[in-house]
Amino acid sequence: MSQRITILPENLTNKIAAGEVVERPSSVIKELVENSLDAGATDISVEIVSGGRRLIRVADNGYGMSREDALLSLERHATSKIKSDSDLDGILTLGFRGEALPSIASVSRFCLATREAGSPEGTEITVEGGRVRDVKACGMAPGTVISVEQIFFNIPARLKFMKSSETEAGHVGDVVARLAVSRPEAAFSCISDGREMLRVQRSDLQRRLSQVVGRDAASHLHKVDSCSENVTVSGFVSGPTLVRSGLQAMYTYINGRFVRDKVVQHAVMQAYRGVIDRGRYPVVALFIQLPAGEVDVNVHPTKHEVRFRRQSVVHDAIQGAVEEVLRLSPWLAGRPQLTPSPSLSPTAPTGQAYRERIAAAAQASLTMPRREQHHPQPSAPIRTVATSSEAALEAATVSEPAVPFKVEQGHPAAGYFSSLTVIGQFHSEYILCQSGADLVIIDQHAASERVAYQRLKQQCLAGGIESQRMLFPETVELSFSEVAVAGRFRHDLAGIGFELEPFGGNTLMVAAVPRLAAEKDPVRLVRDILADLAGLGTSAAFQDALDELLSRIACHSVVRGVHALEIRQMRELLHSMDETDFAASCPHGRPVSHVVTLAELEKIFKRT
Ligand code: ADP
Ligand code: MG
């Protein structure tokens, strides 16, 4: 009989486990800071060098470890946080798997120094690629300091997946920010290559948010505090004027643990339905507390996903809590027509059928492709004016005309649009024109956008997009990853008219923007562009995405939604349409004009 199966040596199983828990420097920091918080630390400092490739150091003032515990903590499945089966049903700590330290130590040059408060000295353990090299006594303040040098030095394949120092540092900043929001009562600092990214003193949630998401953002937040069916939802949510183009400012926590949970996100987005535009996301810091037995955090090694025992109850509690605040807030108060969904009404029945529908919708959204959910393509331009809920409502209630008109075939002849006789404007959205026996209907928004897009394209070909320096440069507070993106693409962005200067921490200064879009909301444009760039790695990818970026700028340069025009302005638009190369395709691909022939009209009126 042959024996083909062997039990793997521990050093190898640790490396395998590291594959799941230790993806990049920011995941090491997440694990180490969570350990510090579990150890009751109230002061946590994070330091990285070269985005964490060269060095990651986390120091805390928690309760530390004895020499015996310190040695044990490096063994696989060694934890002080659970002891028996039954403990798994009521986890109150951030860790419990006993995997992080041995995993990290197996893929780096690792040093753990720790001292219990009552102990005269500390213990320092040095590990290299999972092998303990040295154990000695050391002098140090009570607490724990863990240093991780040369991460993945023994896994070259992993090393290749690491991004630039800037990008990795951006992720580290975001992870520390999330942890800092979860514990306002603890002080945090994060230093990258000697520069301070973040430093926050012990405070309360509101102050912590203003430090992490920005003072301006924090002043637009509304308090949430509600409890139903044993689910407590508290924290802050933004009004419709404070939105982001991605999920980066949605801080959601279950029992103190940051999660990116689909059910939670869906519940929040449902509450904002009809209040903010599609493809926009609110700024929220929501803390959901529920009995530990009601949530299973042992779903994924990183614990970002959870499973709820009563999914629809949790969903409804979150949605209800956020809606209650949105309904009472100034921009919605006294506008009964703004409660289009039964769920927005306080007296709405939330029966079983309704819950099931919501749960089904949440489930359905789980199967949506990620990119579509997080970064809606600009192919369906938002027709509402986002800064005014009134306009947003108005636009939302105007349905697209389901006209069986024929889309114009082929490319219009040169000078075609200028040759049209303008009849007038319909619904402040369409320009009606006559051309011989044809009625020509022009979507003014689509047309202006396409003109702007073509102009930008021409400028690009001629050497660069015209930029306009801001008279009063504005600052914009972003996520750390977005700031890293701005740095990475600094030169490419300059080529399309943006000058964005680092302004410390997660803030950028907008010094210049493309001239065409300078009149509108430059900060919002910068946010959108950086969100578009988030997934791109290289300048080549930037060039590939150029069309999309230009159409994003074009989209920002035109007035959205309904907009009354004078005949003169309509004529100007028609002229511009002839001046730009309308034959070229636009990434939006939306038709700009429709033609209704006299014959078609006569048929409708049964004249033929
Ligand atoms: P887990 O957190 O899942 O228990 P880890 O491998 O992250 O597993 O840590 C193992 C153990 O080491 C923890 O259970 C804890 O007892 C101890 N430990 C880790 N980091 C610290 C720290 N910063 N301060 C005190 N004890 C720590
Ligand atoms: Mg841990």
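Here, every reference points to the structure presented above.
In this text, all values refer to a predicted model and were calculated from it rather than measured experimentally.

A. Summary view of the overall build of the protein chain. Within the protein chain, the regular secondary structure consists of 21 helices and 25 strands. Counting every position in the protein chain, which comprises 608 residues, the buried fraction comes to 50%. Put simply, the protein chain shows about 28600 Å² of open surface, and 53% of that area lies on carbon and sulfur atoms.

B. Main features of the sheet that holds strand β24 (residues 507-514). Ordered by their spatial adjacency, three strands build an open sheet running β22-β24-β23, and the pairing between neighbours is antiparallel. The sheet terminates laterally at β22 (467-477) and β23 (499-502), the two strands that pair on one side only. In this sheet, neighbouring strand axes are inclined to one another by 20 degrees on average, regardless of whether the strands run parallel or antiparallel. Contacts between helix α17 (residues 522-533) and the sheet are confined to β22, β23 and β24, with β22 contributing the most and set at about 70 degrees to the helix.

C. Representation of a nonpolar patch on the surface within the structure. A contiguous nonpolar surface patch, about 250 Å² in accessible area, is contributed by Leu8, Leu12 and Ile16. Relative to the helices and strands, Leu8 is located in the segment before α1 (10-21).

D. Quick look at the pairing of strand β2 (residues 55-60). As paired strands, strand β1 (residues 43-49) and β2 are joined by six bridges and run antiparallel to one another. By the bridge assignment, Ile44 is partnered in β2 with Asp60. The turn joining β1 and β2, which pair antiparallel and follow one another in sequence, is formed by five residues; a positive phi near 55 degrees is taken by Ser50. Both β2 and strand β6 (residues 143-149) contribute to a ladder of six bridges, which runs antiparallel. What sits directly across from Arg57, in β6, is Ser147.

E. Examining the packing of aromatic side chains more closely. The full count for this structure, using the stated rule, is five aromatic pairs. For the pair Tyr253 and Phe258, a centre-to-centre distance of 5.6 Å together with 70 degrees between the ring planes defines the contact as edge-to-face. On the basis of relative accessible area, Tyr253 is assigned to the buried category, the value being 1%. Taking 4.7 Å as the distance between ring centres and 5 degrees as the angle between the ring planes, the aromatic pair formed by Tyr253 and Phe287 counts as stacked. Here Tyr253 is found in strand β12 (residues 250-254), whereas its partner Phe287 is found in strand β15 (residues 284-289), with 34 residues between them in sequence. Taken together, the ring pairs connect Tyr253, Phe258 and Phe287 into an aromatic cluster. Sitting over the face of the ring of Phe153, Arg109 holds its NZ or CZ atom 4.0 Å from the ring centroid.

F. Local environment of the site of ligand 1. Within the structure, ligand 1 sits among 20 residues, and Asn35, Thr79, Ser80, Lys81 and Gly98 are positioned closest to it. A distance of 2.5 Å separates an oxygen atom of ligand 1 from a polar atom in the side chain of Thr79. Here ligand 1 has 530 Å² of accessible area as a free molecule, and 94% of this is covered by the chains. Among the elements that take part in the shell around ligand 1, helix α4 (residues 100-106) stands out by supplying three residues, more than any other. Taken together, the residues of the shell around ligand 1 break down into seven nonpolar, nine polar and four charged.

G. Looking closely at the pattern of salt bridges. Scanning the model with the defined rule gives 22 salt bridges in all. With a closest N to O distance of 2.8 Å, Arg469 and Glu499 form a salt bridge. A residue pair is termed long-range when its members are at least 10 positions apart, and Arg469 in strand β22 and Glu499 in strand β23 qualify at 30 residues. In this structure, Arg552 engages Asp532 in a salt bridge whose closest nitrogen and oxygen atoms are separated by 2.8 Å. Residue Arg552 is found in helix α19 (residues 546-557), and its partner Asp532 is found in helix α17; the two are separated by 20 residues along the sequence. Here Arg552 falls in the buried class, since its relative accessible area comes to 12%.

H. Region of the structure containing helix α9 (residues 262-271). Here α9 lies mainly inside the structure; eight of its 10 residues are buried. Those residues of α9 that sit buried are Val263, Val264, Gln265, His266, Ala267, Val268, Gln270 and Ala271. Its side-chain oxygen at 3.0 Å from the backbone nitrogen of Val263, Asp261 defines the N-terminal cap of α9.

I. Quick look at the environment of Val46. Looking at the secondary structure, you find Val46 in strand β1. As for Val46 and Cys190, which are separated by 144 residues in sequence, their C-alpha atoms are 4.6 Å apart.

J. Up close: the packing of helix α6 (residues 165-182) against helix α15 (residues 480-488). Between α6 and α15, whose axes approach to 7 Å, the crossing angle comes to 165 degrees. Judged on the interaxial angle alone, α15 and α6 are roughly antiparallel. Taken as a pair, α6 and α15 cross one another with a handedness that is right-handed. Within the contact between the two elements, α6 uses Glu166, Thr167, Gly170, His171, Gly173, Asp174 and Ala177 and α15 uses Phe480, Ser481, Ala484, Gly487 and Arg488. Among the residues forming the contact of α6 with α15, the class breakdown is three nonpolar, six polar and three charged.

K. Quick peek at the sheet that holds strand β4 (residues 122-128). What the eight strands build is an open sheet, ordered β5-β4-β3-β6-β2-β1-β7-β8; its pairing is mixed. On the outer flanks of this sheet lie β5 (131-138) and β8 (195-200), each paired with one strand and no other. Each adjacent strand pair in this sheet contributes to an overall mean axis angle of 10 degrees, direction not counted.

L. Focus on unusual backbone geometry. Residue His427 is not a glycine yet carries a positive backbone phi of 60 degrees. On the secondary structure map, His427 appears in the loop between β19 (421-426) and β20 (430-435). Of the residues examined, His427 reaches a relative accessible area of 41% and is grouped as partly exposed. Positive phi, normally seen in glycine, also occurs at Ser428, with a value near 50 degrees.

M. Broad picture of the nonpolar core. Within the largest apolar cluster, 64 residues are counted, with the highest numbers of intra-cluster contacts made by Ile29, Phe110 and Phe188. When residues of this core are assigned to their parent elements, the largest contribution, eight residues, is made by α6. In this structure, this core is formed jointly by two domains, domain 1 (10-202) and domain 2 (208-330), each of which donates at least three residues. Among the nonpolar cores identified, the runner-up in size contains 37 residues, and Leu247, Tyr272, Val306 and Val322 belong to it.

N. Spatial organisation of the side chain of Gln444. As for its placement among the helices and strands, Gln444 is situated in helix α14 (residues 444-461). Polar contacts involving the side chain of Gln444 include one to the side chain of Gln425, which spans 2.8 Å. Those residues in contact with Gln444 that lie beyond four places of it in its chain are Gln425, Ser428, Glu429, Tyr430, Ile431, His563, Leu565 and Leu573.

About the criteria used
- Residues numbered from 1 in each chain as written.
- Chains lettered and ligands numbered in written order.
- Predicted model: local features only at pLDDT ≥ 70, side-chain atom pairs only at ≥ 80, totals over all residues.
- Heavy atoms only, no water.
- Helix = DSSP H or I, 4+ residues; strand = E, 2+ residues; numbered from the N terminus.
- Buried < 20%, exposed > 50% of the residue type's maximum accessible area, 1.4 Å probe, protein only.
- Areas by Shrake-Rupley, 256 points an atom, 1.4 Å probe, with all protein chains shown as cover.
- Pairing = 2+ DSSP bridges.
- Axes fitted to C-alpha atoms, helices over the stretch in contact; angles between N-to-C directions.
- Contact = heavy atoms within 4.5 Å.
- Patch = residues over 30% accessible without salt bridge, like charges linked within 9 Å, V, L, I, M, F, W, Y side chains within 5 Å.
- Salt bridge = Lys/Arg side-chain N within 4 Å of Asp/Glu carboxyl O.
- Phe/Tyr/Trp six-rings, centres within 6.5 Å; stacked < 30°, edge-to-face > 60°.
- Lys NZ or Arg CZ within 6 Å of the ring centre and 35° of its normal.
- Near = heavy atom within 4 Å.
- Polar contact = N/O pair within 3.5 Å; in protein donor to acceptor, adjacent residues only side chain to side chain.
- Nonpolar A, V, L, I, M, F, W, Y, C, P; charged D, E, K, R; others polar.
- Parallel < 35°, antiparallel > 145°, perpendicular 65-115°, else oblique.
- Left-handed = near helix turned anticlockwise from the far one by under 90°.
- Core = buried A, V, L, I, M, F, W, Y, C linked by side-chain atoms within 4.5 Å.
- Domains from an automatic or database assignment.

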